Amino acid sequence: MTRTANVSSPRILGIGRPDPAFNSIVQWLKSTVPDDQLGQAPTIPLALKSPFFSRSLPDLVLVFREFPDQFPTADIHSLVGAMLFRRVICCDGPLCLADGRTHGQWPTICRVPEKSAIAVLRQELQALKHSRSPVSPMAASEDVFAHRVFSLLAPTSNQCQPQRAFIAACDPDFRTTVRSVLRQHSIQAESAHPDVLNALLTAGSLAPDWLLVDLDEDPPTLIPQLHAMHRQGLPITALTGFPGQTLPPWAASLVDKTEMFLQLGALHQDLAR
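Cut-offs and rules
Residues numbered from 1 in each chain as written. Predicted model: local features only at pLDDT ≥ 70, side-chain atom pairs only at ≥ 80, totals over all residues. Heavy atoms only, no water. Salt bridge = Lys/Arg side-chain N within 4 Å of Asp/Glu carboxyl O. Helix = DSSP H or I, 4+ residues; strand = E, 2+ residues; numbered from the N terminus. Buried < 20%, exposed > 50% of the residue type's maximum accessible area, 1.4 Å probe, protein only. Axes fitted to C-alpha atoms, helices over the stretch in contact; angles between N-to-C directions. Parallel < 35°, antiparallel > 145°, perpendicular 65-115°, else oblique. Left-handed = near helix turned anticlockwise from the far one by under 90°. Contact = heavy atoms within 4.5 Å. Nonpolar A, V, L, I, M, F, W, Y, C, P; charged D, E, K, R; others polar.

Colleague: Quick question: what am I supposed to make of the pattern of salt bridges here?
Modeller: Within this structure, the stated rule accounts for nine salt bridges. Note that R164 and D209 form a salt bridge whose closest N and O atoms lie 3.8 Å from each other. Taken together, the positions of R164 in strand β6 (residues 163–168) and D209 in the loop between α8 (194–203) and β8 (210–214) put the pair 45 residues apart, joining distant regions of the chain. Classification of R164 by relative accessible area gives partly exposed; the value is 41%. For E190, the salt bridge is made with R183, and the minimal N-O distance between the two is 3.6 Å. E190 gets classed as partly exposed once you look at its relative accessible area, which sits at 42%. On the basis of relative accessibility, which here comes to 45%, the residue R183 falls in the partly exposed class.

Structure follows, in structure tokens:
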């Protein structure tokens, strides 16, 4: 069985029954990878018996996980073992977000929240293109974090047009963190308390390309202005640390605070196009 990756047109096999939560990922894959290089199997045993594994290994396996313990541990071990020198991504749907990061079924390098999946897939396809080896499934969580952070910086910093972003949040430390993340993506970022944002909007002196608001504080004085800016087409991103939070009507996107680097980086690429 050959283990040579097809870097020009990677073969990708999906496992699971994608529900609507994964629609954006499926559509992105279909727009990125030729149809004849995409496969689908409902379970891991059927995937391992599929034509994608019969003559050579797929370059990447994407598992759609709708709920915790959806896949038996023995099947997961079989898949990870078969793909030991390839790439496996387990995309966690909304019901899996409260599963925690210490649940031992899937290796850390495999687990990705669905909102971060496209960013990670972009990374891995870029790595395949340049024949870079995948991270070991035995890698520690800090190694996975470093891999994803530094891999994301390289392809985005020179490809996207400069942007100006404004962060509205009460916590000064959180504002500093978000501003630092955005600046690492070559985004000109400023931040202030929501009251300052309100004053800037009233004076008509704020014209960012992107507005980010801490949803967990839910500043009621900003809601009318946020609705107005959303109707005018300004991209607004709500930031939250609570799994299962729903997209507010005044925002175009919702970002998990624990996945800010990946998710904000992916949004930056989309907004800059």
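Colleague: Please clarify how the packing of helix α7 (residues 172–184) against helix α10 (residues 260–271) should be interpreted in this entry.
Modeller: Helix-helix packing is characterised by the crossing angle of the two axes and by the distance between the axes. One can describe the packing of α7 onto α10 by two numbers: an axis separation of 10 Å at closest approach and a directional angle of 50°. Relative to α10, α7 is oriented oblique. For the pair α7 and α10, the crossing hand works out as right-handed. Together, F174, T177, V178, V181, L182 and Q184 of α7 and M260, F261 and L264 of α10 make up the contact between the two elements. Partitioned by chemical class, the residues of the contact of α7 with α10 number seven nonpolar, two polar and no charged.

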